[in-house]
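Residue-level listing of the chains:
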Amino acid sequence: MKVKYGISAINWVNEDIMELGDHYTAEQVLGDMSRLGFEGTEFCRKFPRDTDALKQLLADNGMVLTSQWKSVHFSRIELREQELKSFREHADFLKAMGCSYVVTCETGNAFEDLESNSVRIEPLSEEQWNHMAEGLNEAGRYCKDNGMQLVYHYHGETVVENGEQIARLMEMTDPELVHMLYDTGHAYFGGSDPLTILRTYYDRIRYIHLKDIRQEVLDWKRREGIRFRDAVRKGIFTVPGDGCIDFKPIFAELAERGYEGWMIIEAEQDPSIADPVEYAEKAKAYLQQIVG
């Protein structure tokens, strides 16, 4: 498998902030991606859930589905069975679509305080860490048995965000069952050096998200303590080459290590402010400049 470049539909249609990009249709999103020359994308809420219809729509645009995000609450033992059942159904859908990866993130212990416009992340207890690791291993085993891989997405404002939490997750989970989704933007968002994360966990990395950070928006978010979604509205994320992350040593490391697999460009911006096609073209030009 060679390196394959995809682009996330979240650049057009946000999955959590419903007003961002809601006017786009699946046909418009995939048509733009196809004309830009990308090979794959992740699932979008505008796409049909019927596998036959989705396969046809993707094929009409010369695209494939690479994965879809799956939130889990494995840290809550009382929810374990229903969470695993939901995960298996999700993985079955992705398998039917020919996907090899299941993007997974623990989203428990995050509580919104609407009055103060903030999110409080309650650290996991020792028991909850154990429950989460056990659940991820079991979910990862289901993926492996079905010819797929669970790729864990550390993420801003979740219980696995910073370097210490990432290290603990990697230590507590089975490397044969739980792999890493390497996300440049969320590494930086969580206070880590993306290059250090890459070098430290390369052997666990199976899937990559390429996104950049606007330092001034990150500083504002930290200073004001506002919610993740408001930072997204403000433009905290952008495409590679448009923010503060230096991607040259990252790509040099990936080339030296011989990485093969998907690299998905993400920006997660307001498309009415940052036109998705324009920013995708910026990302392509930047990547062409540094990697050829």
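Residues numbered from 1 in each chain as written. Predicted model: local features only at pLDDT ≥ 70, side-chain atom pairs only at ≥ 80, totals over all residues. Heavy atoms only, no water.

Counting its regular elements, the chain contains 11 helices and 13 strands. On C-alpha atoms alone, the chain measures out to a radius of gyration of 18 Å, which is about the 19 Å that the 2.2 N^0.38 rule sets for 292 residues. Based on the C-alpha atoms only, the size of the chain along its principal axes is roughly 50 × 45 × 45 Å. When burial is assessed residue by residue, the chain has 55% of its 292 residues classed as buried. Expressed as a percentage of contacts within the chain between residues at least 6 apart in sequence, the contacts between residues at least 24 apart total 79%. Working note: accessible area of the chain is about 12600 Å², and carbon and sulfur atoms make up 45% of it. (Helix = DSSP H or I, 4+ residues; strand = E, 2+ residues; numbered from the N terminus. Rg over C-alpha atoms; globule rule 2.2 N^0.38 Å. Buried < 20%, exposed > 50% of the residue type's maximum accessible area, 1.4 Å probe, protein only. Contact = heavy atoms within 4.5 Å. Areas by Shrake-Rupley, 256 points an atom, 1.4 Å probe, with all protein chains shown as cover.)

Within the element layout of this structure, Asp 270 appears in the loop between β13 (262-265) and α11 (276-291). Lacking a salt bridge, the buried Asp 270 has Arg 233 as its closest oppositely charged neighbour, with an N-O distance of 7.3 Å. Among the polar contacts listed, one links the side chain of Asp 270 to the side chain of Ser 272, at a separation of 2.7 Å. (Lys, Arg positive; Asp, Glu negative; His and termini not counted. Salt bridge = Lys/Arg side-chain N within 4 Å of Asp/Glu carboxyl O. Polar contact = N/O pair within 3.5 Å; in protein donor to acceptor, adjacent residues only side chain to side chain.)

The next point concerns the pattern of salt bridges. Summed over all chains, the structure comprises 19 salt bridges. With its nearest N and O atoms 3.3 Å apart, the salt bridge here joins Asp 22 to Lys 46. A residue pair is termed long-range when its members are at least 10 positions apart, and Asp 22 in the loop between β1 (4-7) and α1 (26-36) and Lys 46 in the loop between β2 (40-42) and α2 (51-60) qualify at 24 residues. Residue class for Asp 22 comes out partly exposed when judged on its relative accessible area of 38%. Ionic pairing is found between Arg 88 and Glu 138, a salt bridge with its closest N-O pair at 3.5 Å. In this pair, Arg 88 sits in helix α3 (residues 80-96) while Glu 138 sits in helix α4 (residues 126-145), placing the two residues 50 residues apart along the sequence. With relative accessibility at 27%, the residue Arg 88 sits in the partly exposed group. Overlapping salt bridges bring together Glu 19, Arg 227, Asp 230 and Arg 233 as one network.

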